[in-house]
Amino acid sequence: MNPYRENLSKPLSVNPLRVSQAVGGVLALQGFFRSLPIIYGAHGCVEAVGEMLSQHYQEPVALQNVTVHDSNLIFGGSESAQDALELAVSRYKPDLIVLIGTSLTEMVGEDLEHDVKLFIENHSKTLGDSLVLSLQMPDYEGSLETGYARMTERIVEAVIGLSGGTNRKKRRNRINLLAGPHLTPGDVMELREIISSFGLEVITLPDLSSSLCGHLLVGNTKLSRGGVPLDYLDKMMTSGCTIAVGECMEGAARAIEQSSGIPYHVFPSLTGLQASDDFFEFLRKQSRTEVQVKYRWQRQILLDSMLDARNAYRGKRIIAALEPDHLLGLSGWLEEIGIRSFRAVSPSVSPVLERIGGETLIGDLEDMERLAEEGADLWIGSSLSEQGALRQGILFEPMGFPIFNRLGSFLAVSVGYRGTTEILGRVGNALLRAERGTHK
């Protein structure tokens, strides 16, 4: 165990790595069918959130906003929030609305929970089965990972409240899959296929694989175009177990267990040989069904690929700037393949940082460049850090969020035997290019 540290001597963040948790909250809502996030904050900030998500996924993103005006400082903004919610319900008729607060609304002193409660009381007849929630997500704390996890947990708690949280007959062959934000839509597709191969029904939340996977749909809508339907979520209270992929999703899994007695299992990562073996063994025991031949072949191919790639990875020094759960998974399979050292920068505090093999620093991209100056063969991170890698003359491999200048990054698969083989080859080829001095 190598404890992480934070650079407390820095008076400010230089070239920030951290992505606002409001972005994570909006991203999570894209995985729920006909949902509409409404950010209460500065208009320019809302535009930046939508543009960042749209550029990464190359898809339209459901998002509206309530702008804070000067008058809100004097008279309050409750009326503005009420008008925005009323307009959203009357014009778009969403199944799920979440009013997201920002640092600006906290500074003004807006009580979003009261605003939503008042709106529900005044429009109970027109809302029907629509769910209206609120959640404060100030920019000065957390990151994309915490925002995504908090939004998922908030919706799960709301669904539990609607169902009454009573114990109901469980179906052993039904599984709740809580997919963390470090998983791409391609990863979620792969996990759903793997779980289904054991004869198990899967309820995925949030389900980005059916909303931000690049499909073409006819027509225009301001709501999320895919994801798990809200009325289908009631079935998650009758599942046999819950699988949480990523430590940040444990809060939502725990809420389901406490309300319905459904056990959960957290997989910190599903990338790597050992992690994949543990996952398939869990599914085998849960379903009482043997692993299909296809996945046995995929495991053999992965083992052979690891043998083929050992020389490319041996003795290499890799640095990475990613969200905590993503860093933990990355360090795990890199350790399996036998690299020399792994050092990382995380944008926020998380208990999982203590379990990352190698030096981990909570900081910004300036800290990342300082790690690079000490020597590295490969820099892994989002597009926000690519310029830093170029300045240091280190080959860059895009991973995480956001990625702006690559095609199909949201469909990349890095979970299970097949996904591990793919990422093994991708990173290995980058290391080979670095050896040849070809930074392209």
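Below or above, wherever it landed, is the structure these notes cover. This structure is a prediction, so every number in the text was calculated from the model and none was measured.

Our next topic: the overall build of the protein. Helix and strand content of the protein: 16 helices and 14 strands. By the compact-globule yardstick of 22 Å for 440 residues, the protein fits well, its C-alpha radius of gyration being 22 Å. With the C-alpha coordinates of the protein rotated into their principal frame, the extents come out at 65 × 55 × 45 Å. Within the protein, the fraction of its 440 residues that count as buried is 56%.

Another point: unusual backbone geometry. Of the consecutive residues Leu205 and Pro206, the connecting peptide bond is found in the cis state with omega at -15 degrees. Note that Pro206 resides in the loop between strand E7 (201-205) and strand E8 (239-245). Here Phe401 and Pro402 are connected by a cis peptide whose omega angle stands at -5 degrees. Take Pro402: it is sitting in the loop between strand E14 (396-398) and helix H16 (416-436).

The full count for this structure, using the stated rule, is 22 salt bridges. Put simply, Arg317 and Asp377 hold a salt bridge, and the shortest N to O gap is 3.7 Å. On the criterion of sequence distance, the pair formed by Arg317 in strand E10 (residues 317-321) and Asp377 in the loop between helix H14 (365-373) and strand E13 (378-381) is long-range, its members being 60 residues apart. As a salt-bridge pair, Arg370 and Glu366 come within 3.7 Å of each other at their nearest N and O atoms. Separated by four residues within a single helix, Arg370 and Glu366 lie in helix H14, roughly one turn from each other. One network of salt bridges, with partners in common, ties together Glu281, Arg284, Lys285, Glu290 and Arg296.

Pairing is parallel across the open sheet formed by four strands, whose spatial order is E3-E2-E4-E5. Of all the strands in the sheet, just strand E3 (64-67) and strand E5 (131-136) have a single pairing partner and so form its edges. For this sheet, the mean angle separating the axes of adjacent strands, direction not counted, is 20 degrees. Relative to E5, strand E4 (residues 96-101) is paired through six bridges, and the arrangement is parallel. Counterpart to Leu99 in the pairing with E5 is Ser134. Against the sheet, helix H2 (residues 43-57) touches strand E2 (35-41) and E3, its axis set at about 165 degrees to E3.

For the largest pocket, the calculated volume is near 480 Å³. If you go around the largest pocket, you meet 32 residues; those closest to its centre are His326, Met399, Gly400, Phe401 and Ile403. Contributing elements (two or more residues each) for the lining of the largest pocket: H2, helix H9 (185-196), E14 and H16. Each residue belonging to the lining of the largest pocket can be placed in one class, and the counts come to 19 nonpolar, eight polar and five charged.

All right, on to empty space enclosed by the protein then. Vacant regions in the atomic arrangement are exposed by a probe of water-molecule size rolled over the atoms. Scanning the entire structure with this criterion turns up two cavities of 30 Å³ or more. Within this model, the largest cavity holds a volume of roughly 110 Å³. Considering every element that reaches the lining of the largest cavity, the biggest residue donor is helix H13 (residues 324-337), with four residues. Approximately 40 Å³ is the volume found for the second largest cavity. Forming the walls of the second largest cavity are Gly272, Leu273, Leu302, Met306, Trp333, Glu336, Ile337, Thr420 and Leu424. Every element with two or more residues in the lining of the second largest cavity is listed here: helix H12 (293-313), H13 and H16. A per-element tally of the lining of the second largest cavity places H13 first, with three residues.

Here we take up the side chain of Ser197. Structurally, Ser197 is set in the loop between H9 and E7. Given a relative accessible area of 17%, Ser197 falls into the buried group. There is a polar contact of 2.5 Å between the side chain of Ser197 and the backbone oxygen of Ile194. Among all residues touching Ser197, those that are not within four sequence positions of it are Gln292 and Tyr295.

Along the polypeptide, Lys117 turns up in helix H6 (residues 112-122). A relative accessible area of 54% places Lys117 in the exposed class. Taking the C-alpha atoms as reference points, Lys117 and Leu133, separated by 16 residues in sequence, lie 8.5 Å from one another.

Among the nonpolar cores identified, the biggest contains 56 residues, and Ile243, Phe279, Leu283, Tyr313, Leu330, Leu334 and Phe342 are the most heavily contacted of them. In this structure, Leu330 is in contact with Ala320, Leu322, Phe342, Ile380 and Met399, ignoring residues within four places of it in sequence. Ranked by size, the runner-up nonpolar core spans 51 residues in total, among them Ile39, Leu131, Val156 and Leu230.

Throughout the structure, instances matching the rule amount to zero disulfides. Considering cysteine sulfurs only, Cys248 is the nearest to Cys241, which forms no disulfide, with 18 Å between them.

Along E2, seven of the seven residues are buried, which leaves the element largely enclosed by surrounding structure. On E2, burial covers both faces: Ser35, Pro37, Ile39 and Gly41 on one face and Leu36, Ile38 and Tyr40 on the other are all buried. For E2 and E3, the ladder comprises four bridges, and the chain directions are parallel. Directly across from Tyr40, in E3, lies its bridge partner Val66. Crossover handedness for the path E2 to H2 to E3: right-handed.

On to the packing of helix H4 (residues 78-92) against H6. Interhelical geometry of H4 versus H6 gives an angle of 50 degrees and a closest axis separation of 10 Å. With respect to their mutual orientation, H4 and H6 come out oblique. As H4 packs across H6, the resulting crossing turns out to be right-handed. Touching Ser78, Ala81, Gln82, Leu85, Glu86 and Val89 of H4 are Asp115, Val116, Leu118 and Phe119, all from H6. Considered class by class, the residues forming the contact of H4 with H6 number six nonpolar, two polar and two charged.

Conventions we followed
- Residues numbered from 1 in each chain as written.
- Predicted model: local features only at pLDDT ≥ 70, side-chain atom pairs only at ≥ 80, totals over all residues.
- Heavy atoms only, no water.
- Helix = DSSP H or I, 4+ residues; strand = E, 2+ residues; numbered from the N terminus.
- Rg over C-alpha atoms; globule rule 2.2 N^0.38 Å.
- Buried < 20%, exposed > 50% of the residue type's maximum accessible area, 1.4 Å probe, protein only.
- Salt bridge = Lys/Arg side-chain N within 4 Å of Asp/Glu carboxyl O.
- Pairing = 2+ DSSP bridges.
- Axes fitted to C-alpha atoms, helices over the stretch in contact; angles between N-to-C directions.
- Contact = heavy atoms within 4.5 Å.
- 1 Å grid on protein atoms, 1.4 Å probe; cavity = no way out; pocket = protein on both sides within 12 Å on 5 of 7 lines; lining within 4 Å.
- Points joined across faces, edges and corners; volume = space filled by probe spheres on them.
- Nonpolar A, V, L, I, M, F, W, Y, C, P; charged D, E, K, R; others polar.
- Polar contact = N/O pair within 3.5 Å; in protein donor to acceptor, adjacent residues only side chain to side chain.
- Core = buried A, V, L, I, M, F, W, Y, C linked by side-chain atoms within 4.5 Å.
- Disulfide = S-S within 2.5 Å.
- Right-handed = clockwise from strand over helix to strand, strands pointing away.
- Parallel < 35°, antiparallel > 145°, perpendicular 65-115°, else oblique.
- Left-handed = near helix turned anticlockwise from the far one by under 90°.

The quantities given are spatial measurements derived from coordinates; they are silent on function.
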